[in-house]
Amino acid sequence: MKWLKIPLIALILIGFWQLVVVFGQLPHYILPSPSLVFWSFLDNHVLVWHHAKITFFEIVLGLIFGVSMGIASALTLSSSKKLSSILLPMLVISQAIPVFAIAPLLVLWFGYGIASKIVMTVMIIYFPVTAACFDGLQKTPSAWLDVAKTYRITPMQMLLRVKLPASLIALSSGLRIAISIAPIGAVVGEWVGSSAGLGYLMLHANARMQVDLMFVALLVLVLIALSLYFMGDLVLKRMAPWVSYLH
């Protein structure tokens, strides 16, 4: 029954979309009908698949690097109070710089290939993951720490075997946010400068007034984002079943 909710919601949204087109009498170059978008997908599925693979690859690599760096940074900050007092304000200040504003610089520095898109994705998801993981590490139950101290484990063992598992509840929220916003980094990077990807396809379709193709690219991007979110949620539930129970 749970899995039927998504198709049902999709059907309701498509129906509402069709009603807006019919009763609003909107021309196809303003808002194409669902059927027009569907036929556009069939006509251009090879092209869309080519660009979707590139965007998917950028998002996944950005998530891998961003999550790894975020967890490593949180562990580093948690290992030393002096270090966290210096680096944590710097991380907060870095968030005041709009990532979209420096996107042209990233393209200039890393080129028009996938590297600049991966860096953009990493920059967007890095802080949520770091902040969530660090917050979880700081809120390790005192009872866990007291029991661990009786075994006379090293500070590194305390960090990796006690605090890190305890932080999974907070980290899971950060990971869900990261997966949700990761496509933004890849697409914005493609808008600024690229030769492939769904963002690139949307720009060119818009310039040629192919609004139906632009909607196809947008919907495929939504499907990628939803697929990654549910895959990530499934992995989190397998790794830490108590996380899903508490949520």
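Residues numbered from 1 in each chain as written. Predicted model: local features only at pLDDT ≥ 70, side-chain atom pairs only at ≥ 80, totals over all residues. Heavy atoms only, no water.

## Quick word on the overall build of the chain
In step 1: When helices and strands are tallied, the chain shows 12 helices and zero strands.
In step 2: When its helices and strands are written in sequence order, the chain yields α-α-α-α-α-α-α-α-α-α-α-α.
In step 3: The buried share of the chain, reckoned over its 247 residues, is 38%.
In step 4: Counting contacts in the chain only where the partners sit at least 6 residues apart, residues at least 24 apart contribute 73% of the total.
In step 5: Accessible surface for the chain amounts to roughly 14700 Å². Of this, 74% is attributable to carbon and sulfur atoms. (Helix = DSSP H or I, 4+ residues; strand = E, 2+ residues; numbered from the N terminus. Buried < 20%, exposed > 50% of the residue type's maximum accessible area, 1.4 Å probe, protein only. Contact = heavy atoms within 4.5 Å. Areas by Shrake-Rupley, 256 points an atom, 1.4 Å probe, with all protein chains shown as cover.)

## Structural notes on the side chain of threonine 130
In step 1: Structurally, the position occupied by threonine 130 is in helix α6 (residues 114-138).
In step 2: Within the local environment of threonine 130, its side chain forms a polar contact with the backbone oxygen of glycine 70, the two atoms lying 3.5 Å apart.
In step 3: Sequence-distant contacts of threonine 130, defined by excluding residues within four places in its chain, comprise Gly70, Ser73, Ala74, Leu77 and Leu91. (Polar contact = N/O pair within 3.5 Å; in protein donor to acceptor, adjacent residues only side chain to side chain.)

## What about the packing of aromatic side chains?
In step 1: For the structure shown, the criterion picks out two aromatic pairs.
In step 2: For the pair phenylalanine 38 and tryptophan 39, a centre-to-centre distance of 5.7 Å together with 70° between the ring planes defines the contact as edge-to-face.
In step 3: Residue classification places tryptophan 39 among the exposed positions, given a relative accessible area of 52%.
In step 4: Between the aromatic rings of tyrosine 229 and phenylalanine 230, the centroid separation amounts to 5.7 Å while the plane-to-plane angle is 85°, which identifies the pairing as edge-to-face.
In step 5: What makes tyrosine 229 partly exposed here is its relative accessible area of 28%.
In step 6: Phenylalanine 230 gets classed as partly exposed once you look at its relative accessible area, which sits at 34%. (Phe/Tyr/Trp six-rings, centres within 6.5 Å; stacked < 30°, edge-to-face > 60°.)

## Here's the deal with a nonpolar patch on the surface
In step 1: A grouping of Phe16, Val20, Leu26, Tyr29, Ile30 and Met209 is seen on the molecular surface, where their side chains present a nonpolar patch of about 580 Å² in accessible area.
In step 2: Locating leucine 26 in the fold gives a position in the loop between α1 (5-24) and α2 (34-43). (Patch = residues over 30% accessible without salt bridge, like charges linked within 9 Å, V, L, I, M, F, W, Y side chains within 5 Å. Salt bridge = Lys/Arg side-chain N within 4 Å of Asp/Glu carboxyl O.)

## Overview of the UniProt feature "transmembrane region" (unreviewed entry) in the chain
In step 1: In this numbering, the UniProt entry assigns the feature "transmembrane region" (unreviewed entry) to residues 48-75, 87-112, 118-137 and 213-232.
In step 2: Taken end to end, residues 48-75 comprises 100% helix and 0% strand; its first and last C-alpha atoms sit 40 Å apart.
In step 3: The span residues 213-232 is 100% helix and 0% strand, and its two end C-alpha atoms sit 29 Å from each other. (UniProt positions renumbered as here; feature names shortened; annotations may be inferred.)

## Description of the packing of helix α3 (residues 45-79) against helix α8 (residues 155-166)
In step 1: Interaxial distance between α3 and α8 falls to 12 Å at its minimum, and their mutual angle equals 110°. Between α3 and α8, the crossing angle belongs to the class labelled roughly perpendicular. Helix-helix and strand crossings are classified by hand; for α3 and α8 the assignment is right-handed. Residues Ile71, Leu75, Ser78 and Ser79 of α3 pack against Leu159, Leu160, Lys163 and Leu164 of α8.
In step 2: Grouping the amino acids of the contact of α3 with α8 by side-chain chemistry returns five nonpolar, two polar and one charged. (Axes fitted to C-alpha atoms, helices over the stretch in contact; angles between N-to-C directions. Parallel < 35°, antiparallel > 145°, perpendicular 65-115°, else oblique. Left-handed = near helix turned anticlockwise from the far one by under 90°. Nonpolar A, V, L, I, M, F, W, Y, C, P; charged D, E, K, R; others polar.)

## Observations regarding the layout of surface pockets
In step 1: Each pocket or cavity is described by its volume, and for the largest pocket that value is around 630 Å³.
In step 2: Surrounding the largest pocket, 17 residues form its lining, Ala10, Ile14, Trp17, Leu219 and Leu223 being those nearest its centre.
In step 3: In terms of residue count, α1 provides more of the lining of the largest pocket than any other element does, seven residues in total. (1 Å grid on protein atoms, 1.4 Å probe; cavity = no way out; pocket = protein on both sides within 12 Å on 5 of 7 lines; lining within 4 Å. Points joined across faces, edges and corners; volume = space filled by probe spheres on them.)

## Considering the environment of leucine 160
In step 1: Within the fold, leucine 160 resides in helix α8.
In step 2: For leucine 160, a relative accessible area of 41% translates into the label partly exposed.
In step 3: Between the C-alpha atoms of leucine 160 and leucine 75, which are 85 residues apart in sequence, the distance is 8.4 Å.
In step 4: Beyond its immediate stretch of four places on either side in the chain, leucine 160 contacts Leu75 and Pro165.

## Looking at the nonpolar core
In step 1: Counting residues in hydrophobic clusters, the biggest one holds 47 residues, and the most contacted among them are Ile59, Leu63, Met120, Leu198, Val220 and Ile224.
In step 2: For this core, the secondary structure elements donating two or more residues are α1, α3, α5 (103-110), α6, α9 (168-192), α10 (198-207) and α11 (211-239).
In step 3: With near-sequence residues (within four places) excluded, valine 220 lies in contact with Val48, Ala52 and Leu198. (Core = buried A, V, L, I, M, F, W, Y, C linked by side-chain atoms within 4.5 Å.)

## Notes on the confidence of the model for the chain
In step 1: When pLDDT is averaged along the chain, the result is 81, and 94% of the positions lie at 70 or above.
In step 2: Element-level pLDDT for the chain is lowest in helix α12 (residues 241-246), with a mean of 52, against a maximum mean of 89 in α3. (pLDDT = per-residue confidence, 0-100.)

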